[in-house]
Each structure stands twice: as C-alpha cells, then as structure tokens.
Amino acid sequence: MTAPHSNPNPAGETDEKHPSQPPSVVGRAGSTLALPSAVWAQPGWKPTQTINYVIGVAAGGSVDLYARGIKSGLETLNLVNGQTVVADNKPGAGGLLALQQLQRSRGNAHNLGTFHTGSLAGQVTGILKADMREYVPVAMLVEETTLVAVRTDSPFKTAKDLLAALRRDPGSVKIAVAPLKGLNTHLAIAKPLKVAGIDITKLTVVPFRSSADSMSALLGGHVDVVSATGPTVVPMAQAGKVRIIASAAAERGTGPLAGVLTWREQGVAADYVSYNGVLLPPGVDAEQIRFWEQALKQVAVSKDWMALVEKSGNKPMFKGYVDSHRYLQDELKATQALVAELGLDAK
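A few points on the structure. In this text the structure is predicted, and so the values were computed from the model without any measurement.

Quick notes on the packing of aromatic side chains
- Taken as a whole, this structure holds 6 aromatic pairs when the rule is applied.
- Here a set of aromatic residues connected by ring pairs shows up, and it is made of Trp45, Phe291 and Trp292.

Below you can see the structure in the form of structure tokens.
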C-alpha cells in the first residue's frame, strides 16, 4: 500500500500558487460545481468585522495551541485589517459542532476553522458525521509527529518493551488517545502496533476529551501509555515527568526530539504524520481565499510562529489552497485504505 502520510512539502517551503479560477464546491458524491459568476470574487476583499476562529477541540491540545498561535500571529503582524480574531472552542461530536458553525457562515470569510488530519480520519471511520470536501482548506502550516509516552517510572523503557507486553496480553496496557477512538492519535499508534503483529482489536484504548486530559490521566496513573502530538508531550518530557519511547515520524526529529527513536528505528516499518492548518466556510470566493492564503503565509514564516512549532517538536511549513485541497482529497482516499487495513470499521 502506498504510504498514506507522505510529506506534501518540505519544512519551510512556500507555495506560490493561487486560485486563478473561481473555487469550486465539491459535493458529497465528489462532483464539482462551479460557483455562479456573480460571486466569483470580491475585488480586493479584506475583513471588515470581527473574525471568529472556531476551534473544533477542547483547549489544551495541539490543535488548540496552533490555532491560538495563528490567531496571535494574524493580530500581532497586523494582517487582518485592524480587526480582532476571537478564538472559540467548540469541541464535541468529533468536530461536527465546529463544522456546523462554519456551515451556518456559508460564504462569510470572517469565519475560520481548524483543518486537521484528525478530521479526515474521523470522516473515514464514521466518527465525524460530515463531509470535509464541502469546506475550503486554505492553508496547512504544521507537520505533526505523534509520540508514544509513558511515566518515568514505567517498566516500558523502549517501544520493544511495550510490544513485548502487548504480545503477552494485548488488553493489559491502557492506551490514552484524544478526543475519540478512530482519529489520528489512535491511528498513529494502531498502525505500528498492527505492523508489529499486535492484535489491535483487543487493545484497551481509552479516549479523553483532549490530549492534555490524556497526559493528566497518565501522570495520575489511570493509563499506562499516551499517544499524542508534540505540543502536549514534549513539555512534560522536558520537565522529566514522562519518557517518550517512540515517534511515528518517518525520520528522527530535531531539537527536543533528536534523541527519540522512531518506530522504524526500533524494527517496526510504519509511520504516520498529521497536518494542521486553517479551514474556510463553504461558498467563499477566490479573493477571500487569496486574502487568507497570503495572510497565513506571512504567519507561517514569522519568527514567533516557527519558534512555537519547533519548540513543540513539530515542523513549520506552508502549503496554500491548491495543495491543501489536493491533500484533503488524497488523504481521504489513503485513510480509507489504512482503516481497512487496520480493520477499524466505520462506526
């Protein structure tokens, strides 16, 4: 099977493409419908009112961290025509509540949402009762690595120790994911465990509202292992509270992850990478897309943004509308294949 999570862009590479034609609306059946010519573009569109940034997860996890970092960059770099960006967390139903709010704001580019690999996984597994193809992914800004962490007093010193315990009894280890089973943090650990020969249908997988809650459960001794992305795990590792035993990246990381072995380095030929960015409501036009694409590109190359992402152990990047839309389409197909291979049936 073709690797479903290949990097669509080396870190730091910029995308100079812009939608020279009116954006299209893709329906549930995959058909493409051109927008009416009267709404193709508003010349020189800029925000003229408060911008609502709906975040489809609870506070505390990586999606929330990056969304708030983007909000801060847009404001401090004066990229939103003097307007305020309001962060609005709307967790629940695998991200559906946030997407419904974007649906109600159809055509209004004063509304932003979170675009994440986890939403695509949720659609494929049936957890997210929405079709991501109805929305407009305008940019991807982060390549995320999912990590496996344990308490510092855990008997699991390496991924091989974890595998040995799971081979003896697949249900004996409590594995925390967030916010639900079947999303990216679950797939990121299920895939290498499956490749390693573990019966993943017998795993004890415990979902938490956010990865911050997963980590609290780990520190409190309520679970044995956490699968989460860098922003949640790395600070705890640096504070000496947890030990990272595996990275799902294809290659060894840098900075705080330079000493963390990948699954591949520990004999398991599997990797899983997520991407994080910004979504626009359905029905926005080409000039609105162009405005946000250019604004987010400037956030992506700012020193504060790059420092935030690199501190978390992830990679700053930028891909605009064209490549983000292509990624959405390709990732849905790849995740369908991955879910089928792992035996994680749609709910």
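Focus on the environment of serine 312
- By secondary structure assignment, the location of serine 312 is in the loop between helix 9 (303-311) and strand 12 (315-319).
- Overall, serine 312 belongs to the buried group, its relative accessible area being 5%.
- Measuring from C-alpha to C-alpha, the distance between serine 312 and valine 234 comes to 6.1 Å, with 78 residues separating the pair along the chain.
- Setting aside chain neighbours within four positions, we find serine 312 in contact with Tyr66, Gly230, Pro231 and Val234.
- Engagement of the side chain of serine 312 in a polar contact is seen with the backbone oxygen of valine 309, the distance being 2.6 Å.

A closer look at helix 4 (residues 159-168)
- Considered for burial, the residues of helix 4 that qualify are Ala159, Leu162, Leu163, Ala165 and Leu166. Down the axis, helix 4 shows its buried residues gathered within 165° of arc, on one side only. Projecting away from the buried face of helix 4 at angles above 90 degrees are the exposed residues Lys160, Arg167 and Arg168.
- Contacts made by the buried residues of helix 4 are with strand 6 (136-151), helix 5 (184-195), strand 9 (225-229) and strand 10 (242-247).
- Of the residues that open helix 4, the one with a side-chain oxygen 3.3 Å from the backbone nitrogen of lysine 160 is threonine 158.

As for the nonpolar core
- Counting 54 residues, the largest nonpolar core has Leu193, Val225 and Trp263 as the members making the most contacts within it.
- With 6 residues, the single largest contributor to this core is helix 10 (residues 321-342).
- The contact partners of leucine 193, leaving out residues within four places of it in the chain, are Leu163, Leu166, Ile175, Ile198, Ile200, Leu203 and Trp263.
- Core analysis: the second largest hydrophobic core is formed by 34 residues, Leu112, Leu141, Ile289 and Trp292 among them.

Looking at the pattern of salt bridges
- Applying the stated criterion to the full structure yields 11 salt bridges.
- Taking the shortest distance from any N to any O, the salt bridge between aspartate 88 and lysine 90 comes out at 3.8 Å.
- On the basis of relative accessible area, lysine 90 is assigned to the partly exposed category, the value being 28%.
- Between aspartate 153 and arginine 151 there is a salt bridge, and its shortest N-O distance comes to 3.3 Å.

Some words on the packing of helix 6 (residues 211-219) against helix 7 (residues 230-238)
- Contact pair helix 6 / helix 7: the axes reach a minimum separation of 9 Å and the direction vectors enclose 35°. Regarding helix 6 and helix 7, the two cross each other, and that crossing is right-handed. Contacts between helix 6 and helix 7 pair Ser211, Ala212, Met215 and Leu219 from the former with Thr232, Val233 and Met236 from the latter.

Let's talk about unusual backbone geometry
- Of the consecutive residues alanine 178 and proline 179, the connecting peptide bond is found in the cis state with omega at -5°.
- Even without being a glycine, asparagine 78 presents a positive backbone phi close to 55°.
- For asparagine 78, the location among the structural elements is in the loop between helix 1 (62-76) and strand 4 (85-89).

Some thoughts on the pairing of strand 3 (residues 51-55)
- With 5 of 5 residues buried, strand 3 is to be regarded as a mostly interior element.
- Side chains Ile51, Tyr53 and Ile55 project from strand 3 onto one buried face, and the interleaved Asn52 and Val54 project onto a second face that is buried too.
- Inspection of the sheet shows strand 3 paired to strand 4 by 5 bridges, in the parallel sense. The residue bridging valine 54 from the neighbouring strand is aspartate 88, located in strand 4.
- Tracing the backbone out of strand 3, into helix 1 and back to the parallel element strand 4 gives a crossover that is right-handed.
- Examined bridge by bridge, strand 3 and strand 5 (residues 111-116) share 3 bridges and lie parallel to one another.

Rules behind the numbers
For every chain, the first residue of the written sequence is number 1, and numbering continues from 1 along that sequence. The model is predicted, so local features are restricted to residues of pLDDT at least 70 and side-chain atom pairs to those at 80 or more, both for listing and for counting; the totals for chains, interfaces and linings are taken over all residues. To get the side-chain values, all heavy atoms of the structure are used, and hydrogens and water are removed first. Only rings of Phe, Tyr and Trp enter the pairing, Trp through its six-membered ring, and a pair is recorded when the two centres are within 6.5 Å. The plane angle decides the type: under 30 degrees is stacked, over 60 is edge-to-face, the rest tilted. Secondary structure elements follow DSSP: runs of H or I of four or more residues count as helices, runs of E of two or more count as strands, with numbering from the N terminus. We call a residue buried when its accessible area falls under 20% of the maximum for its residue type, exposed when it is over 50%, and partly exposed in between, using a 1.4 Å probe and counting protein chains only. Working rule for contacts: check all heavy atoms of both residues, and any pair within 4.5 Å makes them a contact. We call two N or O atoms a polar contact when they sit within 3.5 Å, provided that within protein one can donate a hydrogen and the other can accept it, with sequence-adjacent residues counted only if both atoms are side-chain atoms. Arc, as used here, means the arc of the directions from the helix axis to the C-beta atoms. Put simply, a nonpolar core is a bunch of buried Ala, Val, Leu, Ile, Met, Phe, Trp, Tyr and Cys residues held in one set by side-chain atoms that sit within 4.5 Å of each other. The working definition used for a salt bridge is a side-chain nitrogen of Lys or Arg within 4 Å of a carboxyl oxygen of Asp or Glu. Axis geometry follows a simple rule: fit a line to the C-alpha atoms, using only the stretch in contact for helices, then measure angles between N-to-C directions, giving values from 0 to 180 degrees. Rotating anticlockwise by less than a right angle from the far helix to the near helix defines a left-handed crossing, while the corresponding clockwise rotation defines a right-handed one. Strands are treated as partners if at least two bridges between them are detected by DSSP. For crossovers, right-handed means that the path from the first strand over the helix to the second runs clockwise, given strands pointing away from the viewer.

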